[in-house]
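# Topology and contacts: notes
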Amino acid sequence: MGRGREPLVTCDACGRTVPRDKAVEYVKSSIVDIDQKDVVIDLTKRKVYYCISCAKHRKIFEKKKRMFRKE
Ligand SMILES: [Zn+2]
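This section reports on the structure supplied with the text.

Calculation criteria
Residues numbered from 1 in each chain as written. Predicted model: local features only at pLDDT ≥ 70, side-chain atom pairs only at ≥ 80, totals over all residues. Helix = DSSP H or I, 4+ residues; strand = E, 2+ residues; numbered from the N terminus. Buried ≥ 20, exposed ≤ 12 C-beta atoms within 10 Å, placed from the backbone. Contact = placed C-beta atoms within 7 Å. Core = buried A, V, L, I, M, F, W, Y, C linked by C-beta atoms within 7 Å.

### Regarding the overall build of the protein
- If you tally the helices and strands in the protein, you get 2 helices and 4 strands.
- In sequence order, the protein lays out its α and β elements as β-β-β-β-α-α.
- The 71 residues of the protein split such that 13% are buried.
- For the protein, contacts bridging at least 24 residues in sequence account for 44% of all contacts bridging at least 6.

In structure tokens form, the structure reads like this:
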């Protein structure tokens with residue numbers, strides 16, 4: 001405590017503020033626009049952070065591993 005050099009991020013799931021290095025970075029993509037005529041699918045990528053417990057609940061760790069393997 002009191003070091004003050006770790007940037008704080010907000011957990012996207014529970015809203016808790018956690019130090020950056022204790023948070024799990026996760027890139028969310030979502031379909032934001034589907035046009036019925038042209039079928040426009042727009043994938044918007046948004047970087048979010050989860051605290052450790054939320055990341056575990058959501059199995060973000062496993063997902064991340066799979067994502068890395070794909071690339
Ligand atoms: Zn959380």
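### Focus: the nonpolar core
- Membership of the largest hydrophobic core is limited to 9 residues, which are Val-9, Val-18, Ala-23, Tyr-26, Tyr-49, Tyr-50, Cys-51, Cys-54 and Ala-55.
- Listed by contribution, the elements that provide at least two residues to this core are strand S3 (23-31), strand S4 (43-51) and helix H1 (52-57).
- Here the element with the most residues in this core is S4; it accounts for 3 residues.
- Residues in contact with Cys-54, not counting those within four places in the same chain, are Cys-11, Ala-13 and Cys-14.

### Concerning the environment of Lys-45
- Secondary-structure assignment places Lys-45 in strand S4.
- Residue classification places Lys-45 among the exposed residues on the basis of 8 C-beta atoms within 10 Å.
- Along the backbone, Lys-45 and Lys-28 are 17 residues apart, and their C-alpha atoms lie at a distance of 5.5 Å.
- Sequence-distant contacts of Lys-45, that is, excluding residues within four places in its chain, are made with Val-27 and Ser-29.

### Some remarks on the environment of Ala-23
- Within the element layout of this structure, Ala-23 appears in strand S3.
- Classification of Ala-23 by C-beta neighbours within 10 Å gives buried; the count is 23.
- In sequence terms Ala-23 and Val-48 are 25 residues apart; their C-alpha atoms lie 9.6 Å from each other.
- Look past the residues within four positions of Ala-23 in its chain and what remains in contact with it is Val-9, Cys-11, Val-18, Tyr-49, Tyr-50 and Cys-51.

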